Amino acid sequence: EAVMDIEVKPKPPQPHWYERYIQPCVAELLASALFVFIGCLSVVEDTAGTGRLQPALVHGLAVGSTIAIVGDI
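Remember, it's a predicted structure, so these values are computed and weren't measured experimentally.

Peer 1: Hey, could you run me through a nonpolar patch on the surface in this one?
Peer 2: On the surface, W17, Y18, Y21, I22, V26 and L30 cluster together to form a nonpolar patch covering roughly 620 Å² of accessible area. Mapped onto the elements, V26 comes out in helix α1 (residues 17-44).

Peer 1: Before we go on, may I ask you to explain the side chain of T66 in this structure?
Peer 2: With respect to the helices and strands, the residue T66 is situated in helix α2 (residues 53-70). Separated by 2.9 Å, the side chain of T66 and the backbone oxygen of A62 make a polar contact.

Peer 1: How should the environment of V26 be read in this particular structure?
Peer 2: The class of V26 is partly exposed, set by a relative accessible area of 37%. Along the sequence, V26 and H59 sit 33 residues apart, while their C-alpha atoms lie 21 Å from each other.

Peer 1: How do you make sense of α2 when you look at a structure like this?
Peer 2: Quick reminder: α-helices carry 3.6 residues per turn. Residues three or four places apart thus point the same way. For α2, built from 18 residues, the straight-helix expectation of 26 Å at 1.5 Å per residue is met to within 8% by its first-to-last C-alpha distance of 26 Å. Of all the positions in α2, only P55, A62 and T66 are classed as buried. Looking straight down α2, one finds that the buried residues subtend no more than 25 degrees of arc, so they occupy a single side. Projecting away from the buried face of α2 at angles above 90 degrees are the exposed residues L53, L57, L61, I67 and A68.

Peer 1: Hey, could you run me through the packing of α1 against α2 in this one?
Peer 2: Packed helices, taken two at a time, are described by their axes: the angle between them and the distance between them. Two elements in contact, α1 and α2, have axes whose closest approach is 9 Å; the angle formed by their N-to-C orientations is 160 degrees. Relative to α2, the element α1 lies roughly antiparallel. Regarding α1 and α2, the two cross each other, and that crossing is right-handed. For the pair α1 and α2, the contacting residues are A27, A31, L34, F35, I38, G39, S42 and V43 in the first and Q54, P55, V58, H59, A62, V63, T66, I69 and V70 in the second.

Thresholds applied
Numbering of residues starts from 1 in every chain and runs along the sequence as written. Given that the model is predicted, a residue must reach a pLDDT of at least 70 before its local features are reported, and side-chain atom pairs must reach 80 or more before they are shown or counted; all residues, however, enter totals for whole chains, interfaces and linings. By convention in this description, side-chain values take in all heavy atoms of the structure and omit both hydrogens and water. Note on patches: the residues involved have over 30% relative accessible area and no salt bridge, like charges join within 9 Å, and the nonpolar side chains Val, Leu, Ile, Met, Phe, Trp and Tyr join within 5 Å. Note on areas: Shrake-Rupley with a 1.4 Å probe; residue coverage comes only from the protein chains shown. Salt bridge, as used here: a side-chain nitrogen of Lys or Arg that lies within 4 Å of a carboxyl oxygen of Asp or Glu. Secondary structure elements are defined from DSSP: runs of H or I of at least 4 residues count as helices, runs of E of at least 2 residues count as strands, and each element is numbered from the N terminus. Definition of a polar contact: a pair of N or O atoms within 3.5 Å, with one able to donate and the other able to accept a hydrogen when the atoms are protein atoms, and with sequence-neighbouring residues admitted only if both atoms are side-chain atoms. Each residue's exposure class comes from its accessible area (1.4 Å probe, protein chains only) as a fraction of the maximum for that residue type: buried when under 20%, exposed when over 50%, partly exposed otherwise. Multiplying one less than the number of residues by 1.5 Å gives the expected span of a helix. The directions considered for the arc run from the helix axis to the C-beta atoms. The convention used is that axes are lines fitted to C-alpha atoms, helices contributing only their stretch in contact, and that angles between N-to-C directions extend from 0 to 180 degrees. Angles are sorted into four bins: roughly parallel if under 35 degrees, roughly antiparallel if over 145, roughly perpendicular if 65 to 115, and oblique for all others. Handedness of a crossing is defined here by the sense of rotation of the near helix relative to the far one, left-handed for an anticlockwise turn of less than a right angle and right-handed for a clockwise turn. The contact criterion used throughout is that any non-hydrogen atoms of two residues lie within 4.5 Å.

If you want it as C-alpha cells, here you go:
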C-alpha cells in the first residue's frame with residue numbers, strides 16, 4: 001500500500017489595505033515632490049556658463065534617485 005505525500009502550500013496572505021492603497025500613493029507623492037523640488041533648485045541655481053547641461057543632469061539624477069528610493073513600493 002503506497003502512501004502519497006501531498007504538500008499543501010498555504011495561500012499567501014493578502015496585503016493590508018494600507019500596503020495596497022495608501023503606501024503607493026504616499027510614495028508617489030513624495031517621489032514627485034522630491035523630483036520637482038530638486039529640479040526647481042537646479043534651474044534656480046543655474047549658472048551662466050553651464051547652459052542647459054546642469055538642469056538636464058540634475059533632473060536625470062533626480063529621476064534615478066527617486067526610482068532607487070521608492071521603486072520597490
